Amino acid sequence: MKAKIGLILSIMVMSIGMYAQNQFVYIRYNPGQGNSSAIVGTVDKLMAKSSGKVVVFVSNAASPIIAANSSEWEEVRSELLRMQSAYEYYAEDESAILNQYYTTLFAESVDKKLHIKGKDDESWVCTFIISEESLHSDEFEALAENISVNELAKRMSVDVLIYSDSPRLSPAEIAANTMFKFNITE
């Protein structure tokens with residue numbers, strides 16, 4: 001009887017750990033293209049809903065700002081709300097940084113069929129926050145390519161949200177003929 005109870009408890013603990021919702025949030029913010037409080041509010045909601053790890057990656061040329069816990073997020077949050085000018089952006093540099101970061105964060109490896117797999121892919125959600133203007137530029141093409149090359153949309157849920165002067169973020173309307181498929185949620 002004790003063995004059965006122990007087994008049931010072990011399974012319950014493992015299932016809770018398996019379904020913990022981890023969030024990776026990517027932000028490319030330009031104060032001239034929208035409202036930072038909408039971005040901050042959305043990240044705050046994602047953090048409150050998450051039952052697992054939340055990592056915020058703020059695009060900034062060759063030195064992104066990464067918040068891996070709530071106290072680091074508070075510092076980044078304050079900086080986003082005070083920002084007066086956009087950070088530099090270099091697509092190739094950022095893609096290399098993201099690739100390296102994904103390898104560590106998602107514990108990635110390449111399987112026998114040469115596909116990328118992460119240790120706990122099913123427990124992650126990636127949310128990419130960009131401006132409405134960026135959505136229709138080469139910046140988004142570089143980001144979409146990064147998502148595609150890393151097979152993120154095949155491995156986990158990927159959401160793309162856009163900001164503008166509105167007090168809320170909106171789901172990105174990605175052209176139907178694109179080769180990239182993303183989940184769109186708010």
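All of these numbers come straight from a predicted model, not from anything done at the bench. (Residues numbered from 1 in each chain as written. Predicted model: local features only at pLDDT ≥ 70, side-chain atom pairs only at ≥ 80, totals over all residues. Heavy atoms only, no water.)

**Student:** What is the right way to look at unusual backbone geometry in this model?
**Tutor:** The bulk of non-glycine residues show a negative phi, and the bulk of peptide bonds are trans. The phi torsion at Leu114 lies on the positive side, around 65°, for a residue other than glycine. Judged by its relative accessible area of 69%, Leu114 is exposed. For Glu151, which is not a glycine, the phi torsion comes out positive at approximately 55°. The residue Glu151 is located in the loop between helix H6 (138-149) and helix H7 (152-155) in this model. (Buried < 20%, exposed > 50% of the residue type's maximum accessible area, 1.4 Å probe, protein only. Helix = DSSP H or I, 4+ residues; strand = E, 2+ residues; numbered from the N terminus.)

**Student:** Mind showing me how you'd approach the environment of Ser50 here?
**Tutor:** On the secondary structure map, Ser50 appears in the loop between helix H2 (36-49) and strand E2 (54-58). Here Ser50 falls in the buried class, since its relative accessible area comes to 12%. Once the C-alpha coordinates of Ser50 and Val125 are considered, the two residues, 75 residues apart in sequence, prove to be 9.9 Å apart. Once you skip the residues sitting within four places of it in the chain, Ser50 turns out to touch Gln21, Asn22 and Gln23. Among the polar contacts listed, one links the side chain of Ser50 to the backbone oxygen of Gln21, at a separation of 2.5 Å. (Contact = heavy atoms within 4.5 Å. Polar contact = N/O pair within 3.5 Å; in protein donor to acceptor, adjacent residues only side chain to side chain.)

**Student:** Would you take a moment to explain the sheet that holds strand E3 (residues 65-67) for this structure?
**Tutor:** Adjacent strands of a sheet form backbone hydrogen bonds with each other and so pair up, either parallel or antiparallel. Taken in spatial order, the 6 strands make up an open sheet running E3-E2-E1-E6-E7-E8, and their pairing is mixed. Two strands in the sheet have a free side with no partner beyond their single neighbour: E3 and strand E8 (170-171). Direction of pairing for strand E1 (residues 22-27) relative to strand E6 (residues 124-131): parallel, over a ladder of 6 bridges. Its bridge partner being in E6, Asn22 is matched across the sheet by Trp124. (Pairing = 2+ DSSP bridges.)

**Student:** Please clarify how the nonpolar core should be interpreted in this entry.
**Tutor:** Among soluble globular proteins, nonpolar side chains are generally buried collectively. One finds Phe24, Tyr26, Phe106, Cys126, Phe128, Ile130 and Leu152 to be the most contacted residues of the largest nonpolar core, which totals 25 residues. Taken together, the elements giving at least two residues each to this core come down to E1, E2, helix H4 (91-105), E6, H6 and strand E7 (157-163). Contacts of Phe106, omitting those with residues within four sequence positions, involve Phe24, Gly118, Lys119, Asp120, Asp121, Trp124, Cys126, Leu152, Arg155 and Met156. (Core = buried A, V, L, I, M, F, W, Y, C linked by side-chain atoms within 4.5 Å.)

**Student:** Could you clarify how one ought to interpret the packing of aromatic side chains in this entry?
**Tutor:** Aromatic ring pairs are described here by two measures, namely the spacing of the ring centres and the angle between the planes. Counted under the stated rule, the structure contains 11 aromatic pairs. With 6.3 Å between their ring centres and 65° between their planes, Phe24 and Phe128 make a pair best called edge-to-face. One end of the pair, Phe24, is in strand E1; the other, Phe128, is in strand E6, with 104 residues separating them in the sequence. Summarising the burial analysis for this pair, Phe24 and Phe128 share the class buried. Among the aromatic residues, those joined into a ring-pair cluster are Phe24, Tyr26, Phe57, Tyr101, Tyr102, Phe106, Trp124 and Phe128. The ring of Tyr89 is capped by Arg28, whose NZ or CZ atom sits 3.8 Å from the centre of that ring. (Phe/Tyr/Trp six-rings, centres within 6.5 Å; stacked < 30°, edge-to-face > 60°. Lys NZ or Arg CZ within 6 Å of the ring centre and 35° of its normal.)

**Student:** Would you take a moment to explain the packing of H4 against H6 for this structure?
**Tutor:** Helix-helix packing: each pair is described by the crossing angle between the helix axes and the interaxial distance. It is at 10 Å that the axes of H4 and H6 come closest, and there the two elements cross at 25°. Comparing the axis directions of H4 and H6 gives the class roughly parallel. Considering how the two elements wind past one another, H4 and H6 form a crossing that is right-handed. In this structure, H4 uses Ala91, Ser95, Leu98, Asn99 and Tyr102 to contact H6, whose residues at the interface are Ala142, Leu143 and Asn146. Here the residues of the contact of H4 with H6 are counted per class, giving 5 nonpolar, 3 polar and no charged. (Axes fitted to C-alpha atoms, helices over the stretch in contact; angles between N-to-C directions. Parallel < 35°, antiparallel > 145°, perpendicular 65-115°, else oblique. Left-handed = near helix turned anticlockwise from the far one by under 90°. Nonpolar A, V, L, I, M, F, W, Y, C, P; charged D, E, K, R; others polar.)

**Student:** Sorry if this is basic, but what is going on with empty space enclosed by the protein here?
**Tutor:** Any empty space left between the atoms is revealed when a probe the size of a water molecule rolls over them. Taken as a whole and judged by the stated rule, the model has 1 cavity of 30 Å³ or more. Of the volumes computed, that of the largest cavity is approximately 30 Å³. Looking at the lining of the largest cavity, the elements that each hand over two or more residues are H4 and H6. If you tally residues by element for the lining of the largest cavity, the top one is H4, at 4 residues. A breakdown of the residues in the lining of the largest cavity according to their chemical character gives 6 nonpolar, 2 polar and 2 charged. (1 Å grid on protein atoms, 1.4 Å probe; cavity = no way out; pocket = protein on both sides within 12 Å on 5 of 7 lines; lining within 4 Å. Points joined across faces, edges and corners; volume = space filled by probe spheres on them.)

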